[in-house]
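In case you want the letters, here they are:
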Amino acid sequence: MGSATGEAAAHGAKPANRRGQGLTWVPAALAAAIFAALWPAIPTVAAGEVLRWGVAWVPSLGVNFSVLLDGLSLTFALLISGIGALVMLFAAKYMEGKYHSGRFALYLFLFMLAMLGLVLADNLLTLFVFWELTSITSYLLIGFGHADAKSRRSALQALLVTGMGGLALLAGFILIYTVVGSFDLAVVLASGDVLRDSPLYLPILILVLAGAFTKSAQFPLHFWLPNAMAAPTPVSAYLHSATMVKAGVFLLARLHPALAGTDVWLWSLTLFGGVTAVFASVMALRQTDLKQALAYTTLMALGTLVLFLADGTSAYAITGFMAFLVTHSLYKAALFLVVGTVDHGTGTRDARILGGLARAMPVTAFAAALAGLSMAGLPPFVGFIAKEVLYKGAGELPLGTIVTGFALASNALMFAVAGIVCLRPFWGRPRGETPVPPHEGPWQLLAGPIILSVLGLALGLMPWLKQQALVSPGVDAVLGRGGEARDLKLWAGVNLALVLSLATFALGLMLYAFHVVLRDGLNRLGARLPSLDAGWDRFLDGLKALAAWQTRILQSGRLVNYMAVTFATLLAGLGAALIATAPGPIMLEMPYLLVKEWGIALLVLAGTGVVVSTNSRITALAGLGVVGVGVALIFVTYGAPDVAITQLLVEVLVVVLVALAILKLPSLEPETGRRRWFDAALALGIGGAVTVIMLMVLDVPLDRRLSEYFEVTSWPEAFGRNIVNVILVDFRALDTFGEIAVVAVAGIAAFALLKTKIAPAKEDAR
Amino acid sequence: MEQILALLIGVLVAASVWLMLSRNVVRFLFGLVLISNAANLVIFTGGRLTLGAPPLIDEGADAPPALVANALPQALVLTAIVIGFGLLAFALALVFRAYTALGTVDSDEMRLAEPREGEEGAAKLPARGGATPEMAREAAE
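Note that this is a predicted model, so its numbers are computed, not measured.

### What about the overall build of chain A?
Looking only at helices and strands, chain A features 34 helices and two strands. Each of the 766 residues in chain A was classed as buried or not, and the buried ones make up 53%. When contacts within chain A are restricted to residue pairs at least 6 apart in sequence, those whose partners lie at least 24 apart make up 79%. Carbon and sulfur atoms provide 71% of the accessible area of chain A, an area that totals close to 32100 Å².

### Side note on the interface of chain A and chain B
Of the residues lining the interface, 108 residues belong to chain A; the matching set on chain B comes to 90 residues. The tally of links between chain A and chain B comes to two salt bridges. The partner of Asp108(B) in a salt bridge is Arg558(A), with the nearest N and O atoms 2.6 Å apart. Here chain A and chain B share 18 residue pairs in polar contact (both at pLDDT 80 or more) between them. In terms of residue count, the dominant contributor to the side of chain A that touches chain B is helix H30 (residues 674-699) of chain A (14 residues). The residue inventory of the side of chain A that touches chain B, partitioned by class, reads 70 nonpolar, 18 polar and 20 charged.

### Thoughts on the packing of aromatic side chains
Residue and element names in this part refer to chain A. On inspection of all chains with the given rule, the structure shows 17 aromatic pairs over all chains. Note on Phe76 and Phe250: the rings are 4.9 Å apart at their centroids and 75° apart in plane angle, and the pair reads as edge-to-face. With Phe76 in helix H4 (residues 71-94) and Phe250 in helix H13 (residues 246-254), this pair connects stretches of sequence that are 174 residues apart. No difference in accessibility class separates Phe76 from Phe250, as the two residues are buried. Centre to centre, the rings of Phe710 and Phe731 are 4.8 Å apart; their planes meet at 50°, and the pair counts as tilted.

### Observations regarding the confidence of the model for chain A
All names here are of chain A. When pLDDT is averaged across chain A, the result is 82; 94% of the residues are at 70 or more. In the predicted structure, residues 1-17 sits below a pLDDT of 50 and forms 35 contacts with residues beyond four places in sequence or in another chain. Predicted confidence for residues 759-766 stays below pLDDT 50, and this span has nine contacts to residues more than four positions away or in other chains.

### Describing the confidence of the model for chain B
In low-pLDDT regions, the fine details of the predicted coordinates are not to be read closely. Residue and element names in this part refer to chain B. Mean pLDDT over chain B: 80, with 80% of residues reaching 70 or higher. Note that pLDDT drops below 50 for residues 121-141; the model gives that stretch 19 contacts with residues more than four away or on any other chain. Both confidence scores are given for the complex: pTM 0.70, ipTM 0.83.

### Points about the environment of Thr243(A)
Residue and element names in this part refer to chain A. Here Thr243 lies in the loop between helix H12 (233-242) and H13. The sequence separation of Thr243 and Thr134 amounts to 109 residues, and the corresponding C-alpha distance is 9.9 Å. Setting aside residues no more than four positions away along its own chain, Thr243 makes contact with Ile80, Phe111, Met115 and Tyr238.

### Quick notes on empty space enclosed by the protein
Tallied over the entire structure, the rule returns six cavities of 30 Å³ or more. If you go around the largest cavity, you meet 13 residues; those closest to its centre are Val650(A), Val654(A), Val33(B), Ser36(B) and Phe85(B). Looking at the lining of the largest cavity, the elements with two or more residues in it are helix H29 (641-662) of chain A together with helix H2 (25-46) and helix H3 (71-102) of chain B. The leading source of residues in the lining of the largest cavity is H3(B), at five residues.

### Considering helix H32 (residues 723-731) of chain A
Inspection of H32(A) places Ile723(A), Val724(A), Val726(A), Ile727(A) and Leu728(A) among the buried residues, and these make up the whole buried set. Buried residues along H32(A) sit in contact with H29, helix H31 (705-718) and helix H33 (733-755) of chain A together with H3 of chain B. Of the residues that open H32(A), the one with a side-chain oxygen 3.2 Å from the backbone nitrogen of Val724(A) is Asn722(A).

### Some remarks on the packing of helix H10 (residues 201-215) of chain A against helix H15 (residues 263-286) of chain A
Residues and elements named next belong to chain A. Axis separation between H10 and H15 bottoms out at 11 Å; the angle between their running directions is 20°. One way to sum up the angle between H10 and H15 is to call them roughly parallel. Viewed along their axes, H10 and H15 form a crossing whose handedness is right-handed. When H10 is examined against H15, the residues Tyr201, Leu202, Leu205, Leu209 and Phe213 are found in contact with a partner set consisting of Val264, Trp265, Ser268, Leu269 and Phe272. Residue composition of the contact of H10 with H15, grouped by class: nine nonpolar, one polar and no charged.

### Thoughts on the pattern of salt bridges
Opposite charge on two side chains allows them to pair when their charged atoms are near. Overall, the coordinates contain 16 salt bridges over all chains when judged by the stated rule. Among the ionic pairs, Arg349(A) bridges to Asp343(A), the shortest N-O distance being 3.3 Å. For Asp343(A), a relative accessible area of 1% puts it in the buried group. Each of the salt bridges in this network shares a partner with another, and the network as a whole consists of Arg558(A), Arg23(B), Asp106(B) and Asp108(B).

### Description of the nonpolar core
One finds Leu108(A), Trp224(A), Tyr238(A) and Leu259(A) to be the most contacted residues of the largest nonpolar core, which totals 180 residues. Counting residues per element, this core draws most heavily on helix H17 (residues 315-346) of chain A, at 20 residues. Apart from residues no more than four positions distant in its own chain, Trp224(A) is found in contact with Gln157(A), Ala158(A), Val161(A), Thr162(A), Thr214(A), Lys215(A), Ala217(A), His240(A), Met244(A) and Val245(A). Counting residues in hydrophobic clusters, the runner-up holds 82 residues, among them Leu593(A), Val13(B), Ala15(B) and Ala91(B).

Calculation notes
- Residues numbered from 1 in each chain as written.
- Chains lettered and ligands numbered in written order.
- Predicted model: local features only at pLDDT ≥ 70, side-chain atom pairs only at ≥ 80, totals over all residues.
- Heavy atoms only, no water.
- Helix = DSSP H or I, 4+ residues; strand = E, 2+ residues; numbered from the N terminus.
- Buried < 20%, exposed > 50% of the residue type's maximum accessible area, 1.4 Å probe, protein only.
- Contact = heavy atoms within 4.5 Å.
- Areas by Shrake-Rupley, 256 points an atom, 1.4 Å probe, with all protein chains shown as cover.
- Salt bridge = Lys/Arg side-chain N within 4 Å of Asp/Glu carboxyl O.
- Polar contact = N/O pair within 3.5 Å; in protein donor to acceptor, adjacent residues only side chain to side chain.
- Nonpolar A, V, L, I, M, F, W, Y, C, P; charged D, E, K, R; others polar.
- Phe/Tyr/Trp six-rings, centres within 6.5 Å; stacked < 30°, edge-to-face > 60°.
- pLDDT = per-residue confidence, 0-100.
- 1 Å grid on protein atoms, 1.4 Å probe; cavity = no way out; pocket = protein on both sides within 12 Å on 5 of 7 lines; lining within 4 Å.
- Points joined across faces, edges and corners; volume = space filled by probe spheres on them.
- Axes fitted to C-alpha atoms, helices over the stretch in contact; angles between N-to-C directions.
- Parallel < 35°, antiparallel > 145°, perpendicular 65-115°, else oblique.
- Left-handed = near helix turned anticlockwise from the far one by under 90°.
- Core = buried A, V, L, I, M, F, W, Y, C linked by side-chain atoms within 4.5 Å.

Shown next, in the form of structure tokens:
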């Protein structure tokens with residue numbers, strides 16, 4: 001799963017670009033300012049108010065650039081800006097002197113803005129735009145080490161997977177619009193019953209879940225997230241633990257009032273979330289790279305979050321969701337930053353080498369211990385409270401046993417991984433030589449982990465703070481009704497949740513004790529299982545092969561093939577239209593016709609037959625003339641003398657022109673071959689389809705309103721007695737003008753073509 | 001008569017499709033002429049046929065007599081005939097020019113823009129067909 005040696009080396013090897021170096025602290029300061037600006041909103045939102053502000057953006061599409069600040073979005077916005085400030089401070093130091101560090105700071109800041117826009121959006125389309133912006137900025141960040149092929153591949157993979165999800169999401173939003181008639185979140189969230197009863201509910205749900213699950217890396221579309229760890233550590237800490245991957249979870253929480261509460265929602269979220277959580281915890285045990293291990297525990301957390309959103313009504317489950325969301329962001333960002341500091345201080349992230357770092361890196365070790373204890377879910381940390389609430393919530397759910405099982409397994413595994421990541425590298429004896437002698441990081445690196453992990457302890461000791469500011473308002477927003485959030489308590493008495501917690505610790509301890517054996521065993525097993533990552537490559541290769549194949553087939557470079565494809569498509573379209581309308585039997589009646597009418601029909605028929613069958617140029621030309629004259633006779637017979645005159649005139653011109661040209665062209669050769677049989681079948685098919693459609697048209701009563709309008713207005717308004725002429729030069733004069741222009745352009749172009757024949761191609765080219 | 005014309009249109013369309021699928025661009029031109037005629041007949045027949053009563057308003061009258069031919073399709077067909085002629089004239093010039101430049105009327109032999117794989121021209125060009133007309137022209141000679 002990639003080498004664990006420091007990416008610091010990979011990025012530092014290039015010549016340093018000092019431009020923008022002195023300004024890398026600016027994003028951190030701006031993020032802190034945003035955080036400070038959001039802070040005063042806490043009491044208002046906690047009191048149950050929903051703040052809205054907006055301006056029209058694309059009024060014609062009903063898209064407003066509008067901001068919605070309720071419990072859910074405020075919690076997210078605080079996490080994004082707060083953790084963002086710390087991560088950017090970290091990044092400024094971490095990337096100092098490295099290649100394009102200024103650009104890196106800019107990308108990170110842009111990402112933060114996109115993410116803020118996403119969570120604050122009050123309109124589905126605005127949300128979608130920011131959703132895509134997070135995908136794009138994350139592409140830039142993952143592929144930041146662009147000289148490395150692995151980085152590029154990971155970045156592209158993340159972009160394609162989340163981009164496909166984004167397309168599905170857009171389709172889902174449009175379907176929602178067709179049902180409720182608005183993109184405004186307020187309207188959408190209030191129309192839950194309409195949406196759930198709509199026949200489009202299932203497609204909407206599938207499309208929205210596709211978007212959310214790709215973004216939040218749910219199994220089996222999870223593989224891009226561990227690969228995305230190719231990015232510099234601050235990116236992993238920020239995008240791939242605290243913020244972007246939570247966008248999918250955020251979306252599910254946001255749309256919870258509108259879409260939750262059905263069996264499909266319940267089962268799909270339970271199964272995807274549960275499987276992701278357990279699968280990811282097992283995968284986390286396998287890793288030797290600390291960052292990869294953390295990446296998989298992030299997957300586990302995302303799975304758990306999805307799992308607890310599955311139910312439509314349980315306040316306990318949603319309280320657990322919000323509590324765990326905040327908790328996870330705090331300790332996971334801290335741990336990623338710790339790993340970054342370790343990488344910075346030792347030059348490696350390999351769990352097999354690292355050990356006893358506490359002596360050289362005491363502050364890092366302190367932060368790691370606090371964050372690790374929170375992750376393991378030990379009291380008195382926030383992790384413990386979150387876990388307790390989760391267990392209680394699980395007991396309330398209709399699928400309680402399954403959810404409890406998933407939660408127990410993943411929590412125990414998480415406990416073990418916390419030990420591997422936070423304990424082993426810092427305590428005990430060194431297990432091997434590190435590339436750089438271990439040394440403590442500077443304050444900019446340590447600030448983030450310390451603040452975040454101490455916060456994890458403080459909020460654990462004072463759970464009411466977190467409750468009032470972050471959790472309860474969020475629960476209200478997710479459930480769509482107020483006052484139902486359950487209390488977060490450090491000590492809730494002896495109950496089932498506590499027993500489950502103790503079982504988790506026991507199981508976790510065992511897993512930790514045997515994790516080396518387990519790791520090797522799992523790796524042997526894992527080597528035999530098909531890899532989804534490799535499957536993705538095969539999928540892409542297949543897609544490219546398909547594209548190349550269909551290009552070869554459809555774009556062969558032969559005009560006849562292009563024509564055949566075009567006509568075959570036409571026939572398919574006509575056939576589909578005919579089948580769709582399912583015409584009844586059409587009555588063909590033998591008409592009583594005058595002799596001249598029969599004569600004309602036979603004339604056209606004979607002319608056509610001659611053109612098709614002859615190999616003589618002059619005979620074919622004569623046939624064309626016969627057809628043209630026949631058509632003119634039809635016009636004159638059925639009351640269209642003007643048309644007939646024009647037809648005759650043009651027919652004469654055509655015959656003269658073609659005759660002039662054709663004498664200089666080579667004679668026609670007879671055509672044979674199997675290919676022509678196919679052509680004949682295609683031609684007969686299209687001809688037959690056109691006849692049937694024409695007969696169907698004739699079966700429908702004619703709407704003569706427009707013609708009657710021309711008939712009664714021709715003289716009184718336009719003062720013309722020849723209605724056809726009046727239509728051409730008066731009612732539709734601009735059309736006629738366009739027609740004249742077309743003929744003029746064709747004439748000029750033809751003239752230009754013929755004029756240049758004097759200079760042969762050879763002279764042109766040389 | 002409308003139904004007879006519907007059949008006739010089908011025959012014309014089938015004949016023109018067959019001609020347009022030919023490798024010989026002269027036959028393609030014949031197909032173009034026929035399909036123009038077929039399209040005009042479709043418009044004309046769609047407006048229904050009225051025997052021998054052109055849409056004219058008699059002197060002193062404000063409107064034509066009751067059973068008069070439909071004027072609207074006639075106007076449309078008139079436009080279509082002229083446009084069809086413009087198209088044909090241009091196509092004819094193109095065919096003629098192509099023949100004088102390339103010496104063939106077989107569209108399979110006209111491979112300036114998309115040379116056959118493995119041909120001299122294809123080999124010389126960059127893999128993804130960044131062919132300039134000059135390069136392709138040289139290659140074809």
